[in-house]
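Below are the chains, spelled out letter by letter.
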Amino acid sequence: MNEGSKKTIKRLSLAVLGMFTFSFALVPLYDVFCEVTGLNGKIELKATSNNNLEVDDGREIALQFVSHNNEEMPWVFRPSERAIKVQTGKYHTATFYVKNTTKKTMVAQAIPSVAPSNAASHLKKLECFCFEQQELAPGEEALLPVRLIFDNELPTSIKSVVISYTLFDVTDYKDAELAKQGSEMDHHGDQHTDHEMESTL
Amino acid sequence: MSAVLESHDHDHHGPAKGLTRWLYTTNHKDIGTLYLWFSFSMFLIGGAMAMVIRAELFQPGMQIVQPEFYNQMLTLHGLIMIFGGVMPAFVGLANWLVPMMVGAPDMALPRMNNLSFWILPFAFLILLSSLFMEGGAPNFGWTFYAPLSTTYAPPSVTFFIFSVHIMGASSIMGAINVIVTIMNMRAPGMTLMKMPLFVWSWLITAYLLIAVMPVLAGAVTMMLMDIHFGTSFFNAAGGGDPVLFQHIFWFFGHPEVYIMILPAFGITSHIIETFSRKQLFGHTSMVWAMGSIAILSFVVWAHHMFTVGLPLAAELFFMWATMLIAVPTGVKVFNWVTTMFKGSITFETPMLFAIAFVVLFTIGGFSGLMLAITPADFQYHDTYFVVAHFHYVLVPGAIFSIMAAVYYWIPKWTGHMYDERLGKLHFWLSFIGVNVTFFPQHWIGLAGMPRRVPDYALQFADWNMVSSVGAFLFGASQILFLFIVIKTVLGGKKATPQVWEGARGLEWTLDSPPPYHTFATPPKIT
Amino acid sequence: MFRKITHRLNTALFSGLTLLLSSNAFAAWDDLNMTEGVTRISQDVFNLHMLIFWICVVIGIVVFGFMFYSMFAFTKKKNPNPSTFHENTKVEIAWTIIPFLILVFMAIPASNTLIEIYDDTEGDINIQVVGYQWKWQYKYLEDDINFFSNLTTDWDEIYNKTPKGEHYLEEVDEPLVLPVGKKIRFLITANDVIHSWWMPDFAIKQDAIPGFINTAWTVVDEPGTYRGKCTELCGKNHGFMPVVVKVVPQDEYDAWVISKKEAAFKLAELTEKDWTAEELTARGEGVYNMNCAACHQANGQGITGIFPALAGSDIALNQKAQHIEILMEGVQGAAMNSFAEQLSEVDMAAVITYTRQAWGNADKGDGQIVVPQDIVEYNKPKV
């Protein structure tokens, strides 16, 4: 086999490996692209570190909360308030009521999604029950907080936003996840699940 | 397929005797033959599944199969036709023709060539055996979107993934072989622009394969990890995204459909040139067109995803980029027509298939252009309109070009002319069958029937019945094709080296059939 | 500003072409063509579709005309000496640029319509649409109305045992009800796998993706009943989960909202009532056929290896508590989901009672039935 052929084979084999690696690189690339552009209503699953979001002259927008239990996950899960008005550039705290109505301890993960999708990149959260998995004993209930802010760069064409949370049952995944520190989910703080009870019920 | 003829170089033997010849062969002609027969059998098996599908859709109601089995049929039909039918057929043609067309003695890596072929029957054995596994065969469509194909998949999904990895490896190795052969083993004097268009089409196709088959491998590996190793690439609960799957899949999937049509373009150029007895119009332009199509094919993938909730900017970009592909494709059609214009045309069977390709593929292109228009696509997506579109470009598109190629080159491969009357009969039955099957599907889709359903509302009944009748006709006609091919292998009027009056190219300087080893000494290129 | 001008051009173009070439003549061919629909957007989409279609027809006639002419005029017999020209750069450039310009001409109205579709600000009414295997759930966020929409076509019709009705595979128990003329915003997601909500008469199709929300909006001009489909392969009954929307005048809509809220009260009363085994079994049969028969089969035999049989099963015969738990919580790692959200306490009790009584189970087991109060008890806190 001539030298040219050997060189071509080497180059092509490298290209094959390169493209295989590229396909895996698409995973973080996709996330980066989503975060930067707010595609797919994806919101960051970690607290914002930006301290300069607050302004005094923001405008009012309508905010609606929507909840869904994936695969009829049996907990009660609903927003304390369905529709509120918030100001851009000001923090607001909302709560979600959650209750484990079954006879087993279960662990849940809430996944947020925003509509319209171009609002997502302007939504930042200081804390959110979606940053961590939530564990509840049988019959246990809680009021889970989310402290959020829309920055003032939110396009003026957006006058109302819907934030949806889907609750997933991750009871089986839990052990595998705990064993994996620093997983794709970017857990906030330590691994112990915790939730604040803002008031008794 | 190649008779044992003495070549002029006496240090080459003829083929080995017995069945092990086929197992161990490193000869490009033998391997081409293996690929072609394998592809034909897969075409018949995938076709049988299509018959089950169309039989169930013959009338409203469930008559023949259960919905869960129907989903297995439609999934396997797609996988087998694409990875077992069309792609291996084109690889088989590449194997037979590329070395002869560039004046090379064989492919660059003959033993890898053998491996590339033999892992394919192995892969399909695994895939087809999944029909007998608990939970049944894969049932999530050939596009296997997550989470239907991960969390909700039957146990056979793991075998499906294994099978896809093997098919991918076969394609990648084949592509490497093609590129190295073309880039390094052309006869002296054959510059790239002197290369025939079939060779060009395969050079470009091979680069596409190198670029995207590994991405498919990545996608199924991620699936495997989500299913068995607790990762969450595509699982929202774990922070993943089902839409990510679609991006990765279609990044492979769109170039894949051009992989399935570029060699067809090459074949068509050869046949139209020969039977018009006139040099192909715009050779350079044709090369540029194929190159542009290949490059553009990388930036249009999300036109398969217009309804997933992409942002406006993305939808606009993908709409415009997709529309743009119509330009180089149109250029090719215009060049073929202009080749025929003021030519001296006869209508042997290969020419009939090639002309039908140009017309019917173009119709498929028109529905493709309609699909590119995003707001309209909201009404077409996942309906029978899409099914009509891709079957037009794949059946009277890719498959007709393969049949055209077989009729065109089989006298060269076997030394026998096929029966022209039977060939024409096969053509007309197929032509009528294909149009009766797929044209009404445009209407059914526009009227509101979704795809991948085993049953439908009553207003779709009439045209579904028509479509099914066409499918049965088309299916039956392929048995005639099988008969014609076998008959030709076994005997027929002796073929000259030139075979066709207007044929140009190195392969037509060789005997029909050619010696087992050809061009051991490179030919002189003028 | 530029958009306004092009929008006016679009409208003029559309109206002109529509009058000239297509619209009524072809829209009437319901069997063969896309619907014009009942919204402004669906009309625009239809016009776009026809515009592109006619452009393709014209190009086809020109190109194929050339080709067929060549096939007849330049046969070997008629033209034994073929010409030898084989390239012409000017012509190549021309037939690159002209198609490109035609595409630009198409892209302008297409882009404008797309931009209009993406203008999804607030709605007068917001409805969360959730795709399930294999039904739709509709939640009216402002009025707090929530129900499932199941296919009502009997499996006997599907399996050819009885004749098919007029709206075969296109009928549901609870259609989505909307008022005419109001802006409706849909918030679309899914419960399990990817589904897709398609309403052709509104030209709306959006995928329903678990964990994510997609939006669509519409303003419907004409009252009527409109039928659509699920358009993403979602498992075995993908073909059996239609979309039905009833658009009614505002006063009818208001009355419907009130009746839905009253129904919630009535259901609470039903939960209190004393039910007999026969009453529960009768009601439960209907619930079973709608929700359970798809997998466990009408004869309770299930499908071996995939869906367990209920006829003669130990749980249905003897394990009342476990039986309730399975329906209320689902089964981890299996296809059986919790039905607590989909079934009211009355229907839950009815269907469990039915499966404990039917197919000879009444005689073979402990004979225990489940009443709505049992479900209410189950829902109370455990600690």
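See above for the structure.
So, here is what we can say about the structure in this document. Please read all numbers here as calculations on a predicted model, not as lab measurements.

Let's shift gears to a nonpolar patch on the surface. Taken together, the side chains of L324(B), I93(C), I97(C), F100(C), L101(C), V104(C) and I108(C) define a hydrophobic patch exposed on the protein surface, amounting to about 590 Å² of accessible area. Its location among the elements puts I108(C) in helix α4 (residues 89-117).

Here the focus is the packing of helix α2 (residues 28-56) of chain B against helix α15 (residues 461-490) of chain B. Residues and elements named next belong to chain B. The contact between α2 and α15 brings their axes to 10 Å, and the two run at 160 degrees. Classed by the angle they form, the pair α2 and α15 counts as roughly antiparallel. Considering the relative orientation of α2 and α15, their crossing is left-handed. Taken together, the residues of the contact of α2 with α15 break down into 14 nonpolar, 5 polar and 1 charged.

The subject of this paragraph is the packing of helix α9 (residues 283-296) of chain B against helix α10 (residues 312-340) of chain B. Residue and element names in this part refer to chain B. Where α9 meets α10, the closest approach of the two axes is 9 Å, and the angle between their N-to-C directions is 155 degrees. As judged from the angle between their axes, α9 and α10 are roughly antiparallel. With respect to the hand of their crossing, α9 and α10 are arranged in left-handed fashion. Across from S285, M286, A289, M290, S292, I293 and L296 in α9, the residues of α10 making contact are L324, I325, P328, T329, V331, K332, N335 and W336. Of the residues belonging to the contact of α9 with α10, the class tally is 10 nonpolar, 4 polar and 1 charged.

Below, the discussion takes up the environment of M336(C). Residues and elements named next belong to chain C. Within the fold, M336 resides in the loop between α10 (320-329) and α11 (345-357). Residue M336 is classed as partly exposed on the basis of its relative accessible area, which comes to 22%. In the structure, M336 is positioned 41 residues away from C295 in sequence and 9.5 Å away in space, judged by C-alpha atoms. Those residues in contact with M336, other than ones at most four positions away along the chain, are I326, L327, G330 and V331.

At the interface, 87 residues of chain C touch 97 residues of chain B. For chain C, the biggest contributors to the area lost against chain B are M67(C), W95(C) and L233(C); these three give 9% of the whole. Run the count over chain C and chain B and you get 2 salt bridges. Measuring nitrogen to oxygen at the nearest pair gives 3.9 Å for the salt bridge that ties E68(B) to K236(C).

What follows concerns the environment of S80(A). Residue and element names in this part refer to chain A. Looking at where S80 falls in the secondary structure, it is placed in the loop between β2 (76-79) and β3 (83-87). Once the C-alpha coordinates of S80 and H122 are considered, the two residues, 42 residues apart in sequence, prove to be 23 Å apart. Here the side chain of S80 touches T95 through a polar contact of 2.6 Å, side chain to side chain.

In terms of nonpolar packing, the biggest core is built from 288 residues, with F83(B), F160(B), I127(C), Y140(C), F186(C), W197(C) and F202(C) touching the most fellow members. Considering each element in turn, this core owes the most residues, 22 residues, to helix α3 (residues 67-102) of chain B. Here this core spans two domains, and each of domain 1 (1-37) and domain 2 (60-169) of chain A adds at least three residues to it. Every residue in contact with F83(B), bar those within four places of it in the chain, is listed here: P88(B), F124(B), W142(B), M167(B), M213(B), L216(B), F252(B) and E256(B). M73(A), L136(A), I163(A) and Y165(A) belong to the second largest nonpolar core, which has 35 residues in total.

Let us now look at α4(C). Across its 29 residues, α4(C) extends 42 Å between first and last C-alpha, which sits within 8% of the 42 Å expected from 1.5 Å per residue. For α4(C), the side-chain oxygen to backbone nitrogen distance between the N-cap and K90(C) is 3.0 Å, and the N-cap itself is N88(C).

This part covers the interface of chain B and chain A. Contact residues are listed per partner, giving 35 residues for chain B and 31 residues for chain A. Roughly 2,700 Å² of surface becomes buried between chain B and chain A when both sides are summed, with 70% attributable to carbon and sulfur atoms. Counting across the interface, chain B meets chain A through 0 salt bridges. Residue assignment for the side of chain B that touches chain A shows that the elements contributing at least two residues are α5 (157-184), α6 (197-228) and α7 (242-259) of chain B. Top element by residues in the side of chain B that touches chain A is α6(B). It accounts for 10 residues. Across the side of chain B that touches chain A, the residue classes break down as 24 nonpolar, 10 polar and 1 charged.

All names here are of chain C. What the 5 strands build is an open sheet, ordered β3-β2-β1-β5-β8; its pairing is mixed. Across the chains shown, the open sheet's two edge strands, defined by having one partner strand only, are β3 (145-149) and β8 (214-219). Neighbour-to-neighbour, the strand axes of the sheet open up by a mean angle of 20 degrees, direction not taken into account. Examined bridge by bridge, strand β2 (residues 135-140) and β3 share 5 bridges and lie antiparallel to one another. Looking at β3, one finds that Q137 is bridged to F148.

Quick notes on the rules
Residues numbered from 1 in each chain as written. Chains lettered and ligands numbered in written order. Predicted model: local features only at pLDDT ≥ 70, side-chain atom pairs only at ≥ 80, totals over all residues. Heavy atoms only, no water. Patch = residues over 30% accessible without salt bridge, like charges linked within 9 Å, V, L, I, M, F, W, Y side chains within 5 Å. Areas by Shrake-Rupley, 256 points an atom, 1.4 Å probe, with all protein chains shown as cover. Salt bridge = Lys/Arg side-chain N within 4 Å of Asp/Glu carboxyl O. Helix = DSSP H or I, 4+ residues; strand = E, 2+ residues; numbered from the N terminus. Axes fitted to C-alpha atoms, helices over the stretch in contact; angles between N-to-C directions. Parallel < 35°, antiparallel > 145°, perpendicular 65-115°, else oblique. Left-handed = near helix turned anticlockwise from the far one by under 90°. Nonpolar A, V, L, I, M, F, W, Y, C, P; charged D, E, K, R; others polar. Contact = heavy atoms within 4.5 Å. Buried < 20%, exposed > 50% of the residue type's maximum accessible area, 1.4 Å probe, protein only. Buried area = accessible area lost by both parts, 1.4 Å probe. Polar contact = N/O pair within 3.5 Å; in protein donor to acceptor, adjacent residues only side chain to side chain. Core = buried A, V, L, I, M, F, W, Y, C linked by side-chain atoms within 4.5 Å. Domains from an automatic or database assignment. Expected span 1.5 Å × (residues − 1). Pairing = 2+ DSSP bridges.

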